[in-house]
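The primary structure of each chain is shown beneath.
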Amino acid sequence: MTIAEPGPTTRSAVPPLAARARAVGGSPVRDILAVTARPEVINFAGGLPAPELFDADGIAAAFRAVLARTPARALQYSTTEGEPALRDALAARTAARGLPTGPDDLLVTTGSQQALSLLATALLEPGDTVLVENPCYLAALQAFGFAGARVVAVPGDEHGLDPAALDELVARERPKLLYTVPTFQNPTGRTLPGERRAAVAAVAARRGLWIVEDDPYGELRYEGARVPWIAAHPGAEDRTVLLGSFSKVMAPGLRLGWLRAPGQLRRACAVAKQAADLHTPTVNQLAAARYLADQDLDAHVARVAGVYRERRDAMLAGLPAALPEGSVWNRPEGGMFLWARLPEPHDTTALLPRVVRHDVAYVPGAPFYAGTPDRTTLRLCFVTQTPEEIEEGLRRLAEGLSPTRTATSAG
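What counts and how
- Residues numbered from 1 in each chain as written.
- Predicted model: local features only at pLDDT ≥ 70, side-chain atom pairs only at ≥ 80, totals over all residues.
- Heavy atoms only, no water.
- Pairing = 2+ DSSP bridges.
- Helix = DSSP H or I, 4+ residues; strand = E, 2+ residues; numbered from the N terminus.
- Axes fitted to C-alpha atoms, helices over the stretch in contact; angles between N-to-C directions.
- Contact = heavy atoms within 4.5 Å.
- Buried < 20%, exposed > 50% of the residue type's maximum accessible area, 1.4 Å probe, protein only.
- Salt bridge = Lys/Arg side-chain N within 4 Å of Asp/Glu carboxyl O.
- Core = buried A, V, L, I, M, F, W, Y, C linked by side-chain atoms within 4.5 Å.
- Polar contact = N/O pair within 3.5 Å; in protein donor to acceptor, adjacent residues only side chain to side chain.
- Expected span 1.5 Å × (residues − 1).
- Arc of directions from axis to C-beta.

Across the sheet, seven strands lie side by side as S2-S10-S9-S8-S7-S3-S4; this open sheet has mixed pairing. Strand pairing shows two members of the sheet lacking a second neighbour, strand S2 (106–109) and strand S4 (150–153), which therefore form its edges. Neighbouring strand axes in the sheet, compared pairwise and without regard to direction, differ in orientation by 20 degrees on average. Where strand S7 (residues 177–180) meets strand S8 (residues 210–214), four bridges bridge the pair, whose relative direction is parallel. The residue bridging Tyr179 from the neighbouring strand is Val212, located in S8. Docked against the sheet, helix H8 (residues 163–173) engages strand S3 (129–132), S4 and S7, running at close to 170 degrees with respect to S3.

Put simply, Asn134 and Pro135 share a cis peptide bond, and its omega is 0 degrees. With respect to the secondary-structure elements, Pro135 resides in the loop between S3 and helix H7 (138–146). Residue Pro345 follows Glu344 across a cis peptide bond; omega there is 5 degrees. Of note, Pro345 is situated in the loop between strand S12 (337–341) and helix H13 (348–356). Even without glycine at this site, Arg174 takes up a positive phi of about 50 degrees. Along the chain, the position of Arg174 falls in the loop between H8 and S7.

Inspection of the secondary structure assignment puts Glu325 in the loop between helix H12 (297–322) and strand S11 (328–329). Residue classification places Glu325 among the exposed positions, given a relative accessible area of 61%. In the structure, Glu325 is positioned 22 residues away from Arg303 in sequence and 35 Å away in space, judged by C-alpha atoms.

A separate point is the sheet that holds S12. The strand order S11-S12-S15-S14 describes an open sheet built from four strands, whose pairing is antiparallel. With one partner strand each, in any of the chains shown, S11 and strand S14 (363–364) form the two edges of the open sheet. Across two bridges, S11 lies against S12 in antiparallel orientation. Counted as the bridge partner of Trp329 is Ala340 from S12.

Within this structure, the stated rule accounts for 28 salt bridges. Asp359 is paired through a salt bridge with Arg38; the nearest N and O atoms lie 2.8 Å apart. Highlighted residues: Asp359 in the loop between H13 and strand S13 (360–361) and Arg38 in the loop between helix H2 (28–35) and strand S1 (42–43), separated in sequence by 321 residues. On the basis of relative accessible area, Arg38 is assigned to the partly exposed category, the value being 32%.

In this section: the nonpolar core. Nonpolar side chains in soluble globular proteins generally cluster together in the buried interior. Within the largest apolar cluster, 102 residues are counted, with the highest numbers of intra-cluster contacts made by Leu124, Phe144, Tyr179, Phe246, Met250 and Met315. The biggest single contributor to this core is H12, with ten residues. In terms of nonpolar packing, the next biggest core, distinct from the first, is built from 17 residues, Val170, Ala201, Ile230 and Ala236 among them.

Right, let's talk about the side chain of Asn186 for a bit. Topologically, Asn186 is positioned in the loop between S7 and helix H9 (194–207). Looking at Asn186, its side chain comes within polar contact range of the side chain of Tyr217, at 3.2 Å. Of the polar contacts made by the side chain of Asn186, one reaches the side chain of Arg379; its length is 2.8 Å. The contacts of Asn186, once residues within four sequence positions are left out, are Cys136, Tyr137, Val181, Tyr217, Phe337, Phe368 and Arg379.

This part takes up H9. An ideal rise of 1.5 Å per residue puts 20 Å on 14 residues; H9 measures up with 20 Å between its terminal C-alpha atoms. The complete set of buried residues in H9 reads Arg196, Arg197, Val200, Ala201, Val203 and Ala204. Buried residues of H9, seen end-on, are gathered within an arc of 160 degrees and therefore sit on one face of the element. In H9, the exposed positions angled more than 90 degrees off the buried face are occupied by Glu195 and Arg206. Trailing H9 by a residue or two, Gly208 shows a phi angle of about 85 degrees, which is positive.

Here is the structure:
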């Protein structure tokens, strides 16, 4: 029997990507890190904690203990809400910092970034309005963009968002939520004062608004008094979601975060998490709980903060010679970032390729803006390099920006 040769195959295009995938771009920070991955580059662009300060021995001991004592449990599926031992420890830490919290108030997430995605899924319909700081954490803009939200920036100043402007925007725009990083904000490093936090809580209570309070950096304080969470203020109790993370205080590779939220919203986020990844890795959760039981995380964080303070001070000392005359910058009391503004007509996006040729990098400020960007701004991460490397990196930055010049600090 003769089998006929197949004829030419007609090929049609596959269906297009979802509109949200086409509309939301990648992270400029990740793109910069890829371009500047060469070991000779002193990279002030990333938001990476210093790896030499990880408590690798303590974390390794926690994993060994978990795998030796409860291997079947550690390697098995777990509940979506999170391992009870970890939620107990997180609840105790949160309550000790002034916000009464029980383990059932918490949902463990795969990094606090996942918490943003879960909240977007649970709260936002396409076209809903979200209010953000200006500038804003870049990956939050991505998460809200994927949800199809309309993102509107709240006016503010060097201290953070303006509660009066927030009140006017909520009345006019009827947003679903406000997203804020009030302590050592990314990208600016600024901290919202206590009186403004109370005013934000009052606006949310009066106008009807969810607050998403992201706090990945709050424990990295170098000086000054701790400012209570917005979630702890009257009026915020039933409408504030507090996000936390071990990424900056233990290790980002563990991918462990959590959200504290009112019951109905927390349960909705748990359902969204079931659809996303079922649960955060069991072994990582149990190891973190073991670490908290066996080690002194607060003492470790204090040691890290002491090193980071020296690195911040090294960057502050070198900026006058590194940036153009007329530049201004802040002096963060903690966290990982410093925000600078160059005089007009400098465009930090256009200048970056020239700077990278001098084997140093920063993040231009423009991508962090929900509205019209300030193209004279840039973000510098000061925690990843030693003071000596920071000094050399700033020398290269001065060469990349232009020949000899001086600047004055605004902080």
